Amino acid sequence: MSKFITLVLIISIVIVSAIYFALHSPNDKGDTLQTPPSPPTLSQERKQLITLFFPDSNSGLLVGEEREIERYPVITDQIKECFRQLNQGPRKPGLSPVIPAATELKEVFLDIDNGIAYVDFSPEISTNHPGGIEAELFTIYAIINTLCHNFPAIKKVQILID
């Protein structure tokens, strides 16, 4: 008798599973239950959503702020645009700027094989910096987090000051 009950349970589970998968799977034509996303427009293809990191004065942590920027065909130009945005400072209230005034990103060099980005800054990143270990760490980590988050090929950042 117990073998019969076990057999009925197994058959019931198989039937219920078959019905579930038949109702919740795409049909042969490739249709899905969800509406496919519309193809990107030309203006959307030229944009890239990036995340910049700034210190939050309330929590004392770096917080991401998203912005949409132009997409450039060369990755070093994309990195330079990320820095320009970082240099403009945050837009959200409660976040603090991390790049000192008049600082320029002179050049970006990439060693893609090793995942290293070399970023060469003007001396103002040091001479105009307000100082203090916390502010210096925020600047360093804001640059590193911004680059590594937005460019997955970058695993390490070497900061150079000319």
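Just above, that's the structure.
Residues numbered from 1 in each chain as written. Predicted model: local features only at pLDDT ≥ 70, side-chain atom pairs only at ≥ 80, totals over all residues. Heavy atoms only, no water.

Focus on the layout of surface pockets
One simple way to see leftover space: roll a probe sized like a water molecule over the atoms. Heads up, the condition is: Using protein atoms alone on a 1 Å grid, points that fit a 1.4 Å probe yet trap it form a cavity, whereas open point sets bounded by protein on both sides within 12 Å along at least five of seven lines form a pocket; residues with an atom within 4 Å of a point count as lining. Grid points are joined across faces, edges and corners, and a volume is the space filled by probe spheres set on the points. What counts as a helix is a DSSP run of H or I of at least four residues, what counts as a strand is a run of E of at least two, and both are numbered from the N terminus. All residues other than Ala, Val, Leu, Ile, Met, Phe, Trp, Tyr, Cys, Pro, Asp, Glu, Lys and Arg, Gly among them, are scored as polar; the first ten of these are nonpolar and the last four charged.
Space inside the largest pocket adds up to approximately 180 Å³. In terms of lining, the largest pocket is formed by Ile 125, Ser 126, His 129, Glu 136, Thr 139, Ile 140, Ile 143, Ile 159 and Ile 161. Elements with a minimum of two residues in the lining of the largest pocket: α4 (124-127), α5 (133-150) and β5 (156-161). Take the lining of the largest pocket: its biggest share by element is 4 residues, from α5. In terms of residue class, the lining of the largest pocket is made up of 5 nonpolar, 3 polar and 1 charged.

Points about the nonpolar core
As a reminder, the rule being used: Nonpolar cores are built from buried Ala, Val, Leu, Ile, Met, Phe, Trp, Tyr and Cys residues. Side-chain atoms within 4.5 Å join them into one set. Note on exposure labels: buried denotes an accessible area under 20% of the residue type's maximum, exposed denotes more than 50%, and partly exposed covers the range between, all computed with a 1.4 Å probe on protein chains only. We call two residues in contact whenever any of their non-hydrogen atoms come within 4.5 Å of each other.
Counting 24 residues, the largest nonpolar core has Leu 86, Val 98, Val 119, Phe 121, Ile 143, Leu 147 and Ile 154 as its most contacted members. At the level of secondary structure, the elements contributing two or more residues to this core comprise β1 (47-55), α3 (75-88), β3 (105-111), β4 (116-121) and α5. Those residues in contact with Val 119, other than ones at most four positions away along the chain, are Leu 105, Glu 107, Val 108, Leu 147, Val 157, Gln 158, Ile 159 and Leu 160.

What about the sheet that holds β4?
What links the strands of a sheet is backbone hydrogen bonding, and the strands pair in either a parallel or an antiparallel sense. Selection rule: Criterion used throughout: strands pair if DSSP finds at least two bridges between them. Fitted lines through C-alpha atoms serve as axes, helices being fitted only where they are in contact, and the angles separating the N-to-C directions of these axes extend from 0 to 180 degrees.
One open sheet accounts for 3 strands, arranged β3-β4-β5; its pairing is mixed. Two strands close off the open sheet at either side, each with one partner strand: β3 and β5. Going across the sheet, the axis of each strand differs from the next one's by a mean of 20°, ignoring polarity. In the sheet, β3 pairs with β4 via 6 bridges, with the strands oriented antiparallel. Note on β4: the bridge partner recorded for Leu 110 is Ala 117.

Thoughts on a nonpolar patch on the surface
Basically, it comes down to this: Patch members must show over 30% relative accessible area and no salt bridge, and they are joined within 9 Å when carrying like charges or within 5 Å when they are nonpolar side chains of Val, Leu, Ile, Met, Phe, Trp or Tyr. Accessible areas in this description were obtained via Shrake-Rupley with a 1.4 Å probe; residue shielding takes into account the shown protein chains only. Within this document, salt bridges are pairs made up of a side-chain nitrogen of Lys or Arg and a carboxyl oxygen of Asp or Glu, the two lying within 4 Å of each other.
Among the surface-exposed residues, Ile 133, Leu 137, Ile 140 and Tyr 141 lie close enough to one another that they form a single nonpolar patch of about 390 Å² accessible area. By secondary structure assignment, the location of Ile 140 is in helix α5. Judged by its relative accessible area of 34%, Ile 140 falls in the partly exposed class.

Side note on the environment of His 129
What counts here: Any N or O atom pair separated by 3.5 Å or less is treated as a polar contact, with the protein-specific requirement of one donor-capable and one acceptor-capable atom, and with residues adjacent in sequence counted only for side-chain atom pairs.
With respect to the helices, strands and loops of the structure, His 129 is situated in the loop between α4 and α5. Sequence-wise, His 129 and Thr 103 are 26 residues apart; in three dimensions their C-alpha atoms are separated by 9.5 Å. If near-sequence neighbours (up to four positions away) are discounted, His 129 is found in contact with Val 98, Pro 100, Glu 124, Ala 135, Glu 136 and Thr 139. At 3.1 Å, the side chain of His 129 and the backbone nitrogen of Gly 131 are in polar contact.

Here's the deal with the environment of Phe 121
Mapping Phe 121 onto the fold places it in strand β4. Each C-alpha atom of the pair Phe 121 and Val 108 lies 9.1 Å from the other, and the pair is 13 residues apart in sequence. Those residues in contact with Phe 121 that lie beyond four places of it in its chain are Phe 83, Thr 103, Glu 104, Leu 105, Lys 106, Ile 143, Ile 159, Leu 160, Ile 161 and Asp 162.

A short note on the side chain of Thr 139
Position of Thr 139 among the secondary structure elements: in helix α5. For Thr 139, a relative accessible area of 6% puts it in the buried group. In contact with Thr 139, other than residues within four places in its own chain, are Val 98, Ile 99, Ile 125 and His 129.

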